[in-house]
Amino acid sequence: MSAVFLICVMLLGGRVSAEEEVQSTGTKRDGPVWYIALGDSIPNGYYGAGESEVTSYPILIAGDLHKVSGRDVWISRFTKNGLTAKKLNSTMLLEPDVQQMLSQAELITLTIGSNDLMNEFKKVSREILNNQTRFYTADEALAALQDGIAENPLLLMNIASAIGSWDYSSFEDQWVLAMDTIALCRREDAQIAVTTIYNPMKGRELPGTLNAVVESVISGMNEIIWKYAEEYGYQVVDLFDSGIEDLTQSDGLHPNQEGQDMIRMLMENELDLSEFQNPESDEEVLRMQKELEEAAQKKAQEAEQKRQQQRRKRVLIGVGIGAAVCLVLAGIVLLVRRNRRKKGGTGETEAQKKSESP
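Residues numbered from 1 in each chain as written. Predicted model: local features only at pLDDT ≥ 70, side-chain atom pairs only at ≥ 80, totals over all residues. Heavy atoms only, no water.

1. Digging into the overall build of the chain
Going by this rule: A run of DSSP states H or I qualifies as a helix once it reaches four residues; a run of E qualifies as a strand once it reaches two. Both are numbered from the N-terminal end. Summary of the burial criterion: residues with accessible area below 20% of their type's maximum are buried, those above 50% are exposed, and those between are partly exposed, where the area comes from a 1.4 Å probe applied to protein chains only. Contacts were defined at the residue level, with two residues in contact if any of their heavy atoms lie within 4.5 Å. The accessible surface values rely on the Shrake-Rupley method and a 1.4 Å probe; as for residues, cover is taken only from the protein chains in view.
Regarding its fold elements, the chain presents 13 helices and five strands. Relative to its 358 residues, the chain shows a buried fraction of 45%. Long-range pairs, those at least 24 residues apart, make up 78% of the contacts in the chain with a sequence separation of at least 6. Put simply, the chain shows about 18800 Å² of open surface, and 52% of that area lies on carbon and sulfur atoms.

Given below as structure tokens:
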């Protein structure tokens, strides 16, 4: 525990220092633990204006690795806000620094794909709405989308159809290309963990049809991630059903600190931490693993309870709306009957008057 905890954070285009380049990990028990984190704004630790600063899950994992191994941990984050799978391949994974780190890393983590979905969402919004505005965020696209649907509800089906017909093969090609590059560079005993994509639009005010289509698209992307797990030897950390969408910042898209903590817990549950374990830290490892399991279970239970509450709320709202509609219909029926009676009574009176007249 007395060892210095070294975190060497390097963003896109960052350079590995000469001192780091000449050092080798050797065996698992010798030298520092080398860890490379790849991906988008989630591992980059994005936080919006007015939000509390967050510590990203790679930094949290690095701290736990230090506790488990008793070794220094050198982490390189090649992460960038807005990064897509295509950009990961065309820029980041071509960097000599990244390939050098991949060849030394004992641990590699990757989070990618959300921006591919968001970019498609923004593209469809512009095309369907015939809007030439460049949407910089999903929020801007969503606001324009809601305004457009409010003016013309028929646009909803066009948007749902366009998103639902997205060609998954483009994402699959980029995913396989990334895995090929990592496999070519990595050391054989390195552990790799990748995350699936959660629905960043789940908590937004989307029409039910559109939300169902978005979830279907995300499921299709996640199937691709699961499909190649065995072939490339990586562990899949499933965020889709984790409830993390309830642990986001005010934008509803990026994890808050609780969300980052959850990713860290889920990822460490999939990793084999015993590979980094120092014999003197057995008790510490067991304690950490127990805490992680308990915390993950608690988060999952809380997320499920919240989903059940939301479902009950939607049911109650639906029942209330149904009851209100029934009352309105009943009122209309009563008014119609009353008007008919009045007309019928007036007709009878006039007929009586005519029959009584000489």
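2. Quick notes on the confidence of the model for the chain
The cut-off we apply is this: Every residue gets a pLDDT, meaning the predictor's confidence in that residue, from 0 to 100.
Here the chain averages 77 in pLDDT, and 66% of its residues register 70 or above. Note on residues 1-27: pLDDT is under 50 here. Beyond four places in sequence and across chains, it has 64 contacts.

3. A look at the nonpolar core
Keep this limit in mind: By nonpolar core we mean a set of buried residues, namely Ala, Val, Leu, Ile, Met, Phe, Trp, Tyr and Cys, connected to one another through side-chain atoms within 4.5 Å.
By size, the foremost hydrophobic cluster in this structure holds 54 residues, and its most contacted members are Ile36, Leu38, Leu102, Ile108, Trp175 and Tyr234. If one sorts the elements of this core by residue count, helix H10 (residues 208-227) sits on top with eight residues. Counting residues in hydrophobic clusters, the runner-up holds 25 residues, among them Ala37, Ala193, Val237 and Leu239.

4. Comments concerning the side chain of Thr195
Stated formally: As used in this structure description, the phrase polar contact means that two N or O atoms lie within 3.5 Å; if the pair is within protein, one of them must be able to donate a hydrogen and the other to accept it, and residues adjacent in sequence are counted only when both atoms belong to side chains.
Position of Thr195 relative to the elements: it lies in strand E4 (residues 191-195). Since its relative accessible area comes to 1%, Thr195 is described here as buried. Side-chain polar atoms of Thr195 contact the side chain of Thr111, separated by 2.9 Å. Apart from residues no more than four positions distant in its own chain, Thr195 is found in contact with Leu110, Thr111, Ile225, Val237, Leu239, Ile263 and Met267.

5. Topic: the sheet that holds strand E2 (residues 73-79)
Selection rule: Being paired, for any two strands, means DSSP has found at least two bridges between them. In this analysis an axis means a line fitted to C-alpha atoms, helices contributing only their contacting stretch, and an angle means the value between N-to-C directions, from 0 to 180 degrees.
Across the sheet, which stays open at both edges, the five strands sit in the order E2-E1-E3-E4-E5 with parallel pairing between neighbours. Two strands lie at the open edges of the sheet, namely E2 and strand E5 (235-237), each paired on one side alone. Ignoring which end each strand starts from, the neighbouring axes of this sheet average 20° apart. The pairing of E4 with E5 spans three bridges and is classified as parallel.

6. A word on the pairing of E2
Of all seven residues in E2, seven are buried, a share of seventy percent or more. The alternating pattern of E2 places Val73, Ile75, Arg77 and Thr79 on one face and Trp74, Ser76 and Phe78 on the opposite face, and all of these are buried. With seven bridges joining them, strand E1 (residues 33-39) and E2 adopt parallel strand pairing. Residue pairing for E2: Tyr35 is matched across the bridge by Ile75.

7. Some points on the packing of aromatic side chains
The condition is simple: Each Phe, Tyr or Trp ring, with Trp reduced to its six-membered ring, pairs with another whose centre is within 6.5 Å; inter-plane angles below 30 degrees give stacked pairs, above 60 give edge-to-face pairs, and intermediate values give tilted ones.
All chains considered together, the criterion is met by four aromatic pairs. Plain terms: the ring middles of Phe171 and Trp175 are 6.2 Å apart, the flat faces sit at 35° to each other, and that makes the pair tilted. Taken together, the residues span about one helical turn, with Phe171 and Trp175 both in helix H9 (residues 168-185) at a distance of four residues. A residue is classified by how much of its surface remains accessible, and Phe171, at 1% relative accessible area, is buried. These aromatic residues form a ring-pair network of at least three members: Phe171, Trp175 and Tyr234.

8. Quick look at the pattern of salt bridges
Rules: The rule for a salt bridge is simple: a side-chain nitrogen of Lys or Arg has to be within 4 Å of a carboxyl oxygen of Asp or Glu.
What the rule picks out here adds up to five salt bridges. Here Arg187 makes a salt bridge to Asp189, at a shortest N to O gap of 2.6 Å. Accessibility expressed as a relative area gives 13% for Arg187, which makes it buried. On the accessibility criterion, Asp189 (36% relative accessible area) is partly exposed.

9. Notes on the packing of helix H3 (residues 57-69) against helix H12 (residues 257-270)
What counts is decided by this rule: Should an angle fall under 35 degrees it is taken as roughly parallel, and over 145 as roughly antiparallel, whereas 65 to 115 is taken as roughly perpendicular and any remaining angle as oblique. Should the near helix be turned counterclockwise from the far one by less than a right angle, the crossing is left-handed, whereas a clockwise turn marks it as right-handed. The classification used treats Ala, Val, Leu, Ile, Met, Phe, Trp, Tyr, Cys and Pro as nonpolar, Asp, Glu, Lys and Arg as charged, and all other residues, Gly among them, as polar.
Packing of H3 against H12 brings their axes to within 9 Å, and their N-to-C directions diverge by 50°. Put simply, H3 runs oblique to H12. Helix-helix and strand crossings are classified by hand; for H3 and H12 the assignment is right-handed. Contact with H3, carried on its side by Tyr57, Leu60, Ile61 and Asp64, involves Gln257, Gln260, Asp261, Ile263, Arg264, Met267 and Glu268 of H12 and no other residues of that element. Partitioning the contact of H3 with H12 into residue classes produces five nonpolar, two polar and four charged.

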